[in-house]
Amino acid sequence: AVGQQCMRVWDEPLDNDSNDADDEAGQYVLVDKDVKLIRDHFGLSHLRYQDMSPVLIPQGYTKSYLDGDINHHDQTADIRRAYLNIVKATKLGGNHNSHSITICEGTGHVGVGSVVGSGNARVAAELGADVVLVANGGLGRTFDELELNRSLCLQHGVNIAGVVINKVQPDKYDQTREYLTKAIDQMWAGPNGEPAPPILGVVPDRPYLGCPALADVESTFGTVLLSGSDHRYRHYDVGSNVQGRNIGMSMITTDLAAFLRTMQRQDGDARTMFICHVTRDDVILGFLAEYRRKTRRGIPFQSALVICTGCDDGMGDVSDIELSPEVCDMIRDAGPAGPPVLCAPGYSPADAAKHIRTMTPKFNANDGRRVTRATEHYEPYIDFDLLIERTSSSAADIAA
């Protein structure tokens, strides 16, 4: 993976001789966040973190590259060396089962990374890797995006193993598969009758996978839960703010009595993310009181509260109002098992709601439930046997 979002991890030395590592001791390394997720979740401890994330592109990297401070040859050599290390490690396997396929995760469309000489298509060509194109569901726009990506693959001489269509509306599943298959077969067939790359999978959308967890909200606002940290990976369907539903997101603009009536009408399955301004001490204390009332009665409580400290003066200037220490102490007293409450510093309730609703939730190594559900959801819809059949042996040739 060529990563942009980084984290620091400890890279243990390996027990096998599959990698040409000069260091015999472990060391801290920076890696892409998705690399830690994949390595930890699938138990790939026979691979080094630094081989799974050979190039990181933090802020300022592009300018350094264009200024000549980063050598293109060295950058490409790092990618190639890491790739070959992984190919060897997956073939040897160590104490693990050996594997015949190495997966290289691209970032965005196939041209991403071109400004630093390492676009996805160019890297695939350098490694002799096949490409699987992934596009979100639809018809005309989806095919147009696929065609742009295909053109760049052809320019670099990269083989397209197949196509996966993601997040398809369930009620248009059959239509999408039928007509995209026709479009690809008609438009992508070779000049001498060579068949077009196949559709390897069409995956229906599952809204739950796009629902943010509280950990995503923490990350968005650069904050941490004041209480309820045990529920950090609880998910909220923030796009379902529909009257009468027990899920969704709600900005509190009513008086305390109306807010309490709303909460008291909700059953134990209710999971609402409430948003209020920091000046609404009555709402904050009412939220805590309702949690305690339901807890005493043995009724589950799953709602969360986001407290916004920003204040817009109407002229575009936003000031910040601190949460009072007394109220903050009352929230913290609820503890890790209490109701989830966090602050959104510098945001007004309307801005906070917009950011939450439009955020792209990220997979997290600690959010095992979401990762497992994603695996279980995608696996039946993708023809992995056909993918293996369509994958060339170029990796093995390079590693030999």
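Residues numbered from 1 in each chain as written. Predicted model: local features only at pLDDT ≥ 70, side-chain atom pairs only at ≥ 80, totals over all residues. Heavy atoms only, no water.

(A) Structural detail: the overall build of the chain. Regarding its fold elements, the chain presents 15 helices and 13 strands. Within the chain, buried positions represent 42% of all 400 residues. Here the analysis covers contacts within the chain between residues at least 6 apart in sequence; of these, 73% occur between residues at least 24 apart. Accessible surface, the chain: about 21,400 Å² in total, of which carbon and sulfur atoms supply 49%. (Helix = DSSP H or I, 4+ residues; strand = E, 2+ residues; numbered from the N terminus. Buried < 20%, exposed > 50% of the residue type's maximum accessible area, 1.4 Å probe, protein only. Contact = heavy atoms within 4.5 Å. Areas by Shrake-Rupley, 256 points an atom, 1.4 Å probe, with all protein chains shown as cover.)

(B) Highlighting the packing of aromatic side chains. Considering all chains together, one arrives at six aromatic pairs under this definition. Ring centres 4.7 Å apart and planes at 65° place the aromatic pair Phe221 and Tyr347 in the edge-to-face group. Pair noted here: Phe221 is in helix α8 (residues 214–221) and Tyr347 is in the loop between β13 (341–344) and α12 (349–358), with a separation of 126 residues, a long-range link. Clustering of aromatic rings is evident, with ring pairs tying together Phe287, Tyr291 and Phe301. Sitting above the plane of the Tyr236 ring, Arg271 keeps its charged end 5.9 Å from the centroid. (Phe/Tyr/Trp six-rings, centres within 6.5 Å; stacked < 30°, edge-to-face > 60°. Lys NZ or Arg CZ within 6 Å of the ring centre and 35° of its normal.)

(C) A look at the sheet that holds strand β6 (residues 160–168). Across the sheet, three strands lie side by side as β5-β6-β7; this open sheet has parallel pairing. With one partner strand each, in any of the chains shown, β5 (131–136) and β7 (199–204) form the two edges of the open sheet. Recorded for the sheet is a direction-independent mean angle of 15° between the axes of neighbouring strands. (Pairing = 2+ DSSP bridges. Axes fitted to C-alpha atoms, helices over the stretch in contact; angles between N-to-C directions.)

(D) Representation of helix α1 (residues 33–41). Of the positions making up α1, those classed as buried are Val35, Leu37 and Arg39. Where α1 is buried, its residues meet β3 (27–32), α2 (49–52) and α13 (368–378). Two or three places before Asp34, at the start of α1, stands the capping residue Asp32, its side-chain oxygen 2.9 Å from that residue's backbone nitrogen. In the stretch just after α1, Gly43 is the one whose phi turns positive, near 65°. (Polar contact = N/O pair within 3.5 Å; in protein donor to acceptor, adjacent residues only side chain to side chain.)

(E) Inspection of helix α5 (residues 120–127) at higher detail. Listed in full, the buried residues belonging to α5 are Asn120, Ala121, Val123, Ala124 and Leu127. End-on view of α5: buried residues confined to an arc of 165°, all on one side of the axis. Gly128 sits one or two residues past α5 and shows a positive phi near 70°. (Arc of directions from axis to C-beta.)

(F) Main features of the side chain of Glu218. Note that Glu218 resides in helix α8. In this structure the side chain of Glu218 is engaged in a polar contact, spanning 2.6 Å, whose partner is the side chain of Arg232.

(G) Layout of the pairing of β7. Burial analysis of β7 places six of its six residues in the buried class, which makes it a mostly covered element. In this structure, β6 lies alongside β7, joined through four bridges in parallel fashion. By the bridge assignment for β7, Val164 is matched with Gly201.

(H) Region of interest: the confidence of the model for the chain. For the chain, per-residue confidence averages 86 on the pLDDT scale, and 86% of positions sit at 70 or higher. Within the chain, no element has a lower average pLDDT than helix α15 (residues 394–399), which sits at 45, and none a higher one than strand β10 (residues 304–308), at 97. Across residues 241–246 the pLDDT falls below 50, and counting only partners more than four positions away or on other chains, this stretch makes twelve contacts in the model. (pLDDT = per-residue confidence, 0-100.)

(I) Quick look at the pattern of salt bridges. For the coordinates displayed, the defined rule picks out 13 salt bridges. The partner of Glu145 in a salt bridge is Arg141, and the shortest N-O contact between them spans 3.3 Å. Residue Glu145 and its partner Arg141 are located together in helix α6 (residues 140–155), separated by four residues, close to a single helical turn. Residue classification places Glu145 among the partly exposed residues on the basis of a relative accessible area of 33%. (Salt bridge = Lys/Arg side-chain N within 4 Å of Asp/Glu carboxyl O.)

(J) Representation of the nonpolar core within the structure. Leu133, Leu146, Cys153, Val163, Ile165, Ile184 and Trp188 are the most contacted members of the largest nonpolar core, which totals 22 residues. Broken down by secondary-structure element, the contributors of at least two residues to this core are α5, β5, α6, β6, α7 (173–188) and β7. When residues of this core are assigned to their parent elements, the largest contribution, five residues, is made by α7. If near-sequence neighbours (up to four positions away) are discounted, Leu146 is found in contact with Leu133, Ala135, Val163, Ile165 and Trp188. (Core = buried A, V, L, I, M, F, W, Y, C linked by side-chain atoms within 4.5 Å.)

(K) A look at the packing of helix α10 (residues 281–296) against helix α11 (residues 325–332). At a closest axis distance of 11 Å, the pairing of α10 and α11 adopts a crossing angle of 20°. Considered as vectors, α10 and α11 are oriented roughly parallel to each other. As α10 runs across α11, the sense of the crossing is left-handed. Contact residues: α10 offers Asp281, Ile284, Leu285, Leu288 and Arg292, while α11 offers Val327, Met330 and Ile331. Of the residues in the contact of α10 with α11, the class split is six nonpolar, no polar and two charged. (Parallel < 35°, antiparallel > 145°, perpendicular 65-115°, else oblique. Left-handed = near helix turned anticlockwise from the far one by under 90°. Nonpolar A, V, L, I, M, F, W, Y, C, P; charged D, E, K, R; others polar.)

(L) A look at unusual backbone geometry. Positioned with a positive phi, Lys167 is a non-glycine residue whose angle comes to about 55°. Among the structural elements, Lys167 can be located in strand β6.

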